[in-house]
Amino acid sequence: VQLQASGGGLVQAGGSLRLSCAASGRTFSRYNMGWFRQAPGKEREFVAAIYRSGDTRYYKDSVRGRFTISRDNAKNTVYLQMNSLKPEDTAVYYCAAATLDRGWPPRQVFDYDYWGQGTQVTVSS
């Protein structure tokens, strides 16, 4: 599985960005998908996850209500819509695929088997 993340950029506080993650292969609909982020000097942290069918989502507390994870299994793509962005959201954002079912919600780095290359999100104050 290859994952290609895109959509990052520089935005002012209060603005919005939409990240996309395109996956290769024909079994995308079998994977739970997640977004993580990593700020300089910090560990990679969970942001959001979506169940393989798309009908169940889970969020980190600090982004719930501002971020929305979604997927289009026909396009092999998962999205992260980020609204009301804050400077503390600044990080490299990574998408990830969990090809094995290790339970729900998959919030740990080790729950995922494949990672995209990351896309930088910078929120200015």
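Throughout what follows, the structure given in this document is the object of discussion. These numbers come from a predicted model, not from an experiment.

### Digging into the overall build of the protein
When its secondary structure is counted, the protein shows 0 helices and 11 strands. Going from the N terminus to the C terminus, the protein shows its helices and strands as β-β-β-β-β-β-β-β-β-β-β. Here the C-alpha radius of gyration of the protein, 13 Å, is about what a compact globule of 125 residues would show, namely 14 Å. Across its three principal axes, the protein shows a C-alpha extent of roughly 40 × 25 × 25 Å. The 125 residues of the protein split such that 42% are buried. Across the protein, contacts joining residues at least 24 apart in sequence account for 57% of those joining residues at least 6 apart. Counting every atom, the protein has about 6,400 Å² of accessible surface; 45% of that belongs to carbon and sulfur.

### Section: the packing of aromatic side chains
In this structure the tally under the stated criterion is 6 aromatic pairs. Between Phe 36 and Phe 46, the ring centres sit 5.7 Å apart and the planes meet at 80°, which makes this aromatic pair edge-to-face. A residue pair is termed long-range when its members are at least 10 positions apart, and Phe 36 in strand E4 (residues 32-38) and Phe 46 in strand E5 (residues 45-50) qualify at 10 residues. The burial state of Phe 36 is the same as that of Phe 46; both residues are buried. With a centroid separation of 5.6 Å and 85° between ring planes, the pair formed by Tyr 51 and Trp 104 is classed as edge-to-face. Note that Tyr 51 is positioned in the loop between E5 and strand E6 (57-59) and Trp 104 in the loop between strand E9 (91-98) and strand E10 (114-115), a separation of 53 residues in sequence.

### A look at the pattern of salt bridges
In this structure the tally under the stated criterion is 7 salt bridges. The partner of Arg 64 in a salt bridge is Asp 61, and the shortest N-O contact between them spans 2.7 Å. Owing to a relative accessible area of 42%, Arg 64 belongs among the partly exposed residues under this scheme. Ionic pairing is found between Arg 102 and Asp 113, a salt bridge with its closest N-O pair at 2.7 Å.

### Some points on the sheet that holds strand E8 (residues 77-82)
The strand order across the open sheet formed by 4 strands is E1-E3-E8-E7, and the pairing between neighbours is antiparallel. What marks the edges here is a single partner per strand, and that holds for strand E1 (3-6) and strand E7 (67-72). Taken pair by pair, the neighbouring strands of this sheet meet at an average axis angle of 15°, ignoring direction. The sheet contact formed by E1 and strand E3 (residues 17-23) spans 4 bridges and is antiparallel. The partner of Ala 5 across the bridge, within E3, is Cys 21.

### A short note on the side chain of Arg 66
Secondary-structure assignment places Arg 66 in the loop between E6 and E7. We classify Arg 66 as buried; its relative accessible area is 12%.

### Describing the nonpolar core
Grouped together as the largest cluster of nonpolar side chains are 28 residues, with contacts concentrated most on Trp 35, Leu 80, Met 82 and Tyr 93. Contributing elements (two or more residues each) for this core: E1, E3, E4, E5, E7, E8, E9 and strand E11 (119-124). In terms of nonpolar packing, the next biggest core, distinct from the first, is built from 6 residues, Phe 46, Ala 96, Ala 98 and Tyr 112 among them.

Each value, and the rule that gives it
Per chain, residues are indexed from 1 in the order of the written sequence. Side-chain atom pairs in this predicted model are given and counted only at pLDDT of 80 or more, local residue features only at pLDDT of at least 70, and totals for whole chains, interfaces and linings cover all residues. Side-chain metrics rest on all non-hydrogen atoms present in the structure, leaving aside hydrogens and water. Helix and strand definitions here come from DSSP, where helices need a minimum of 4 consecutive H or I residues and strands a minimum of 2 consecutive E residues; each element is numbered from the N-terminal end. Our radius of gyration is a C-alpha quantity, and the globule rule it is checked against amounts to 2.2 Å times the number of residues to the power 0.38. Between buried and exposed lies partly exposed: a residue is buried under 20% and exposed over 50% of the maximum accessible area for its type, with that area taken using a 1.4 Å probe on protein chains only. Residue contacts are defined here by distance: any two heavy atoms, one from each residue, within 4.5 Å place the two residues in contact. Accessibility throughout is a Shrake-Rupley quantity obtained with a 1.4 Å probe, and a residue counts as covered only by protein chains that appear here. What counts as a ring pair is set by centres within 6.5 Å for rings of Phe, Tyr and Trp (its six-membered ring), and what kind of pair is set by the plane angle: stacked under 30 degrees, edge-to-face over 60, tilted for all other angles. We count a salt bridge whenever a side-chain nitrogen from Lys or Arg sits within 4 Å of a carboxyl oxygen from Asp or Glu. In short, DSSP must find at least two bridges between two strands for them to pair. Lines fitted to the C-alpha atoms define the axes, with helices restricted to the stretch that makes contact. Angles between their N-to-C directions range from 0 to 180 degrees. Remark: nonpolar core denotes a set of buried residues (Ala, Val, Leu, Ile, Met, Phe, Trp, Tyr, Cys) joined through side-chain atoms within 4.5 Å.

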